[in-house]
Amino acid sequence: MIALGSDHAGFPLKEEIRKFLEENNIDYTDVGCYTPESVDYAISAQKACDKVVSGECDKAILVCGTGIGISMAANKVKGIRAAACSDYFGAKYTRLHNDANCLCLGARITGVGEALELVDVFLHTEFEGGRHQRRIDQIMDIENGEKLY
Ligand code: RB5
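Keep in mind the model is a prediction, meaning the values are calculated, not measured.

Engineer: Which residues make up the overall build of the protein, and what are the values?
Structural biologist: A tally of helices and strands in the protein yields six helices and five strands. Order of helices (α) and strands (β) in the protein, N terminus to C terminus: β-α-β-α-β-α-β-α-β-α-α. Computed over the C-alpha atoms, the radius of gyration of the protein is 14 Å, within 12% of the 15 Å expected from 2.2 N^0.38 for a compact globule of 149 residues. By principal-axis analysis of the C-alpha atoms, the protein measures approximately 45 × 30 × 25 Å. Put simply, 68% of the contacts in the protein that link residues at least 6 apart link residues at least 24 apart. For the protein, the computed accessible surface area is about 7,700 Å², with 49% contributed by carbon and sulfur atoms. In the protein, 16 positive and 23 negative side-chain charges are present, and the distance between their average locations comes to 6 Å.

Engineer: Could you give me a rundown of the packing of aromatic side chains, with the residues and numbers involved?
Structural biologist: Counting across every chain of the model gives one aromatic pair. Ring geometry for F89 and Y93: centres 4.2 Å apart, planes at 15 degrees, overall stacked. Residue F89 and its partner Y93 are both found in helix α4 (residues 88-96); the two are separated by four residues, about one turn of the helix. You can call Y93 partly exposed: its relative accessible area is 29%.

Engineer: Mind laying out the site of the ligand, listing which residues take part and the relevant values?
Structural biologist: Around the ligand sit D7, H8, A9, Y41, C64, G65, T66, G69 and R108, and that is every residue in its neighbourhood. The separation between an oxygen atom of the ligand and a polar main-chain atom of T66 is 3.0 Å. At 2.9 Å, a backbone N or O of G69 approaches an oxygen atom of the ligand. For the ligand, the accessible surface in isolation is 290 Å², of which the surrounding protein chains cover 71%.

Engineer: How would you sum up the sheet that holds strand β4 (residues 82-84)? Please name residues and give values.
Structural biologist: By way of backbone hydrogen bonds, the strands of a sheet pair with one another, either parallel or antiparallel. The strand order across the open sheet formed by five strands is β2-β1-β3-β5-β4, and the pairing between neighbours is parallel. The open sheet has two edge strands with one neighbour each: β2 (28-30) and β4. Taking the axes of each pair of neighbouring strands and ignoring which way they run, one obtains an average angle of 20 degrees across the sheet. Sheet topology note: the strand β1 (residues 2-6)/strand β3 (residues 59-64) ladder contains five bridges and is parallel. Pairing of I2 across the sheet is with K59, part of β3.

About the thresholds
- Residues numbered from 1 in each chain as written.
- Predicted model: local features only at pLDDT ≥ 70, side-chain atom pairs only at ≥ 80, totals over all residues.
- Heavy atoms only, no water.
- Helix = DSSP H or I, 4+ residues; strand = E, 2+ residues; numbered from the N terminus.
- Rg over C-alpha atoms; globule rule 2.2 N^0.38 Å.
- Contact = heavy atoms within 4.5 Å.
- Areas by Shrake-Rupley, 256 points an atom, 1.4 Å probe, with all protein chains shown as cover.
- Lys, Arg positive; Asp, Glu negative; His and termini not counted.
- Charge placed at Lys NZ, Arg CZ, Asp CG, Glu CD.
- Phe/Tyr/Trp six-rings, centres within 6.5 Å; stacked < 30°, edge-to-face > 60°.
- Buried < 20%, exposed > 50% of the residue type's maximum accessible area, 1.4 Å probe, protein only.
- Near = heavy atom within 4 Å.
- Polar contact = N/O pair within 3.5 Å; in protein donor to acceptor, adjacent residues only side chain to side chain.
- Pairing = 2+ DSSP bridges.
- Axes fitted to C-alpha atoms, helices over the stretch in contact; angles between N-to-C directions.

What follows is the structure, given as structure tokens:
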């Protein structure tokens, strides 16, 4: 199950992603927004990310104008590893190496065709584990207030 969310700037691209998920029979829950009316991205970020942390959803896909603000908000939710991506390599490697559980896209940066490719590779790439797990653990240790040095 994918948690999908956006602000107003991300709304048109979020709708395209929603159609893509439907066409590909990928279950999702859309936390909004549902209209192009102005809304603050942190609210959608928290709603979607809470569903990942609770286990209701496996991953989140979030869209704002740049993908940056919504990723900053998402990364404040404990347990979330959000990556703002605008290229295929980044979207693939943030799964392989960072075990990202939240993809953030910028509707004012990335076109629909490219964005759907990023969604596809993000959803279909498995974490490599191994040495990368240690680094993920360190990220989570920082989140828990531990000193790494
Ligand atoms: C909204 O105008 C815009 O600031 C927001 O979508 C996002 O790009 C912030 O990072």
